[in-house]
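# Structural overview for review
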Amino acid sequence: MTTITAAITAVGAYVPEFVLSNQVLETMVDTNDEWITTRTGIKERRLLKEKGKGTSFMAIKAAQDLISKANINPEEIDLIIMATTTPDMPVASTGVYVASQIGATNAFAYDLQAACSSFLYGMSNAAAYIQSGRYKKVLLIGADKMSSIIDYTDRATCIIFGDGAGAVLFEPNYEGLGLQDELLKSDGIGREYLKIDAGGSILPPSIETVENRQHYVFQDGKTVFKYAVSGMADVSAKIMERNNLTKDDVNWLIAHQANKRIIDATANRMELDEEKVLVNIHRYGNTTSATLPLLLSDFEDKLKKGDNLIFAAFGGGFTWGSIYLKWAYNKQ
Ligand code: UT7
């Protein structure tokens, strides 16, 4: 019997038009371009400003971009996994709405939340469905409207995050291309360091929680940084080791774009040359679930059939991990 592997066969993306630059942030909080650039690598980020538009708006655009580029019929999609930390609403799955809006009338859909690792975990989910032979077309979307949960008076968080969306299609492959190995981790120790206190079941919304600004992201940046550096580097080095990959075998590092220094530390640990490390954090900041597919979309031209890609992510929870995937196509 031929082994089925799960390959990415198409990519799509969307970022909002509005650009929030470091220079504009300087006028909003006590910060400066030099600090943001040297500490994070970020120059600007995109924000979805239009009232009444949520994460689904960007997810639909990214999915439609993929559908038109890959020229697929949305009715053929079996499943949509919506990786997001900022669903349109706490109840009523965002993925289900997206599926209906893009005409994926034969698909079922659900949301997956694992903070900044949502897309990485989603890759694991999507691949498992394909490898099992159960489904033939799984659309994985990573989208977040981080501006809806960020306090733009808090300089520790507002300089980091941005909005965006990306989508990939997983399909069966019979040449051994696609997902090869995964190493996914989580540790509840992280809950205190990166969170939103209110709005959930522990602390439901009230006038008091709003007044205390408890519906915004809180991050103990220094602690998260420490865990992120060692976590992402460890799993990336381990996945190389257990697949007998040397630095020369790896073509591309696709790492979560949270901080350029974290990406560099991971690349150093893997002993990768700079040109193998895909980076777009300077343009979008940290778009949470969208960072990995936005990299694939921005650098799709460079990726060649058979290339070895190492994905890595780290996020709140904590959640983190690495995936080794063989790229399956050359862009037409
Ligand atoms: O994607 C999910 C996972 N998240 C991450 O991976 C993020 C991990 N953390 C980070 O990327 C970094 O910790 C930050 C970028 C958030 C902060 O960088 P840092 O080098 O860890 O800075 P820090 O928090 O240690 O602050 C250093 C100094 C402090 O001043 P003092 O106490 O040394 O006088 C801060 O008050 O920088 C100050 N500071 C700022 N200054 C100018 C903090 N934020 C700012 C700012 N502009 N925006």
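Structural data are supplied above this passage.
## Brief notes about the site of the ligand
Taken together, 22 residues lie around the ligand, and Thr31, Arg39, Lys222, Asn259 and Asn286 are the ones closest in. Within the side chain of Arg155, one N or O atom sits 2.9 Å away from an oxygen atom of the ligand. Measuring from an oxygen atom of the ligand, one finds a side-chain N or O atom of Asn286 at 2.8 Å. For the ligand, whose accessible area on its own is 960 Å², the fraction buried by protein is 74%. Every element with two or more residues in the shell around the ligand is listed here: helix H2 (33-40), helix H8 (221-242) and helix H9 (260-269). With 4 residues, H8 is the single largest residue contributor to the shell around the ligand. Partitioned by chemical class, the residues of the shell around the ligand number 10 nonpolar, 7 polar and 5 charged.

## Regarding the sheet that holds strand S1 (residues 5-14)
Taken in spatial order, the 5 strands make up an open sheet running S1-S7-S6-S4-S5, and their pairing is mixed. Two strands in the sheet have a free side with no partner beyond their single neighbour: S1 and strand S5 (108-112). With strand direction ignored, the average angle separating the axes of adjacent strands in the sheet is 20°. Where strand S6 (residues 138-145) and strand S7 (residues 163-173) come together, 8 bridges link them in antiparallel fashion.

## Regarding H8
Here H8 is 22 residues long and its end C-alpha atoms lie 31 Å apart, about the 32 Å a rise of 1.5 Å per residue gives. Following H8 by one or two positions, Asn244 adopts a phi angle in the positive range, close to 55°.

## A short note on the nonpolar core
Leu253, Leu272, Val277, Ile310 and Phe314 are the most contacted members of the largest nonpolar core, which totals 40 residues. Only H8, strand S11 (252-255), H9, strand S12 (308-315) and strand S13 (319-326) provide two or more residues apiece to this core. The biggest single contributor to this core is H8, with 6 residues. Excluding residues that lie within four positions of it along the chain, Val277 makes contacts with Leu253, Ile263, Ala267 and Leu272. Within the second largest apolar cluster, 35 residues are counted, among which are Ala127, Leu140, Leu295 and Ile323.

## Digging into the sheet that holds S12
In sheet architecture, strand pairing relies on hydrogen bonds along the backbone and comes in two forms, parallel and antiparallel. Read across the sheet, 4 strands follow the order S8-S13-S12-S11 without closing on themselves; strand pairing throughout is mixed. Unpaired on one side and paired on the other, strand S8 (178-186) and S11 mark the two borders of the sheet. Here the strands of the sheet are splayed against their neighbours by 15° on average, with no regard to which way each runs. In this structure, S8 lies alongside S13, joined through 8 bridges in antiparallel fashion. Along S13, the bridge assignment pairs Asp181 with Tyr324. Each of S8, S12 and S13 is contacted by helix H5 (residues 118-131), which is oriented at about 135° to S8, the strand it contacts most.

## Some thoughts on the packing of H8 against H9
Between H8 and H9, the least distance of the axes is 9 Å, while the angle of their chain directions is 30°. Here H8 runs over H9; the crossing is right-handed. Across the interface between the two elements, Phe225, Ala228, Val229, Met232, Ala233, Asp234, Ser236 and Ala237 of H8 pack against Arg261, Ile262, Ala265, Thr266 and Arg269 of H9. Taken together, the residues of the contact of H8 with H9 sort by class into 8 nonpolar, 2 polar and 3 charged.

## Looking at the packing of helix H3 (residues 55-70) against helix H4 (residues 94-101)
In the contact formed by H3 and H4, the axes pass within 10 Å of each other and the chain directions differ by 45°. Considering their axes alone, H3 and H4 lie oblique with respect to each other. By crossing handedness, the relation of H3 to H4 is classed as right-handed. Residues Ser56, Ala59, Ile60 and Gln64 of H3 touch H4, and the partners they reach there are Thr94, Tyr97, Val98 and Gln101. In terms of residue class, the contact of H3 with H4 is built from 4 nonpolar, 4 polar and no charged.

## Focus: the packing of aromatic side chains
According to the stated counting rule, one finds 11 aromatic pairs in the structure shown. Ring geometry for Phe314 and Phe318: centres 5.0 Å apart, planes at 45°, overall tilted. Judged by relative accessible area, which is 6%, Phe314 ranks as buried. A network of ring pairs unites the aromatic residues Tyr193, Tyr227, Phe314, Phe318 and Trp320 as a single cluster. Lying over the aromatic face of Phe18, Lys49 brings its terminal NZ or CZ to 4.7 Å of the ring centre.

## Quick notes on H9
Listed as buried for H9 are Ile262, Ile263, Thr266 and Ala267. Considered in projection along H9, the buried side chains sweep an arc of 135° and stay on one side of the axis. Buried residues in H9 make contact with H8 and S11. Looking one or two places after H9, you find Glu271, whose phi comes out positive at around 60°.

Thresholds, definitions, all that
Counting starts from 1 at the beginning of each chain's written sequence and moves along it residue by residue. Side-chain atom pairs in this predicted model are given and counted only at pLDDT of 80 or more, local residue features only at pLDDT of at least 70, and totals for whole chains, interfaces and linings cover all residues. Calculation of side-chain values draws on the structure's entire complement of heavy atoms; hydrogens and water are dropped beforehand. Here a residue counts as near a molecule or strand whenever at least one of its heavy atoms sits within 4 Å of it. In protein, a polar contact requires one atom able to donate a hydrogen and another able to accept it; more generally it is a pair of N or O atoms within 3.5 Å, and residues adjacent in sequence count only if both atoms are side-chain atoms. To be clear on the numbers: accessible area is Shrake-Rupley with a 1.4 Å probe, and residue cover counts the displayed protein chains and nothing else. Only DSSP runs of H or I covering at least 4 residues are called helices, and only runs of E covering at least 2 are called strands; the numbering of each starts at the N terminus. As a working rule, the residues Ala, Val, Leu, Ile, Met, Phe, Trp, Tyr, Cys and Pro are called nonpolar, Asp, Glu, Lys and Arg charged, and the rest polar, with Gly in that last group. Strands were regarded as paired on the criterion that DSSP finds at least two bridges between them. Lines fitted to C-alpha atoms define the axes, with helix axes restricted to the stretch in contact, and inter-axis angles between N-to-C directions lie between 0 and 180 degrees. Multiplying 1.5 Å by the helix residue count minus one yields the expected span of that helix. Grouping buried Ala, Val, Leu, Ile, Met, Phe, Trp, Tyr and Cys residues that are joined through side-chain atoms within 4.5 Å yields what is termed a nonpolar core. Partly exposed describes any residue whose relative accessible area lies between the buried limit of under 20% and the exposed limit of over 50%, with all areas from a 1.4 Å probe on protein chains only and scaled to the type maximum. For this analysis, residues touch if any pair of their heavy atoms sits within 4.5 Å. Crossing handedness: left-handed means the near helix sits turned counterclockwise from the far one by under a right angle, and right-handed means the same turn made clockwise. In this scheme, roughly parallel covers angles under 35 degrees and roughly antiparallel covers those over 145, while 65 to 115 is roughly perpendicular and the rest are oblique. Between 30 and 60 degrees the pair is tilted, below 30 it is stacked and above 60 it is edge-to-face, where a pair is any two Phe, Tyr or Trp rings, Trp via its six-membered ring, whose centres lie within 6.5 Å. In our convention, an over-ring charge means Lys NZ or Arg CZ found within 6 Å of a ring centre and within 35 degrees of that ring's normal. What the arc describes is the spread of directions from the helix axis to the C-beta atoms.

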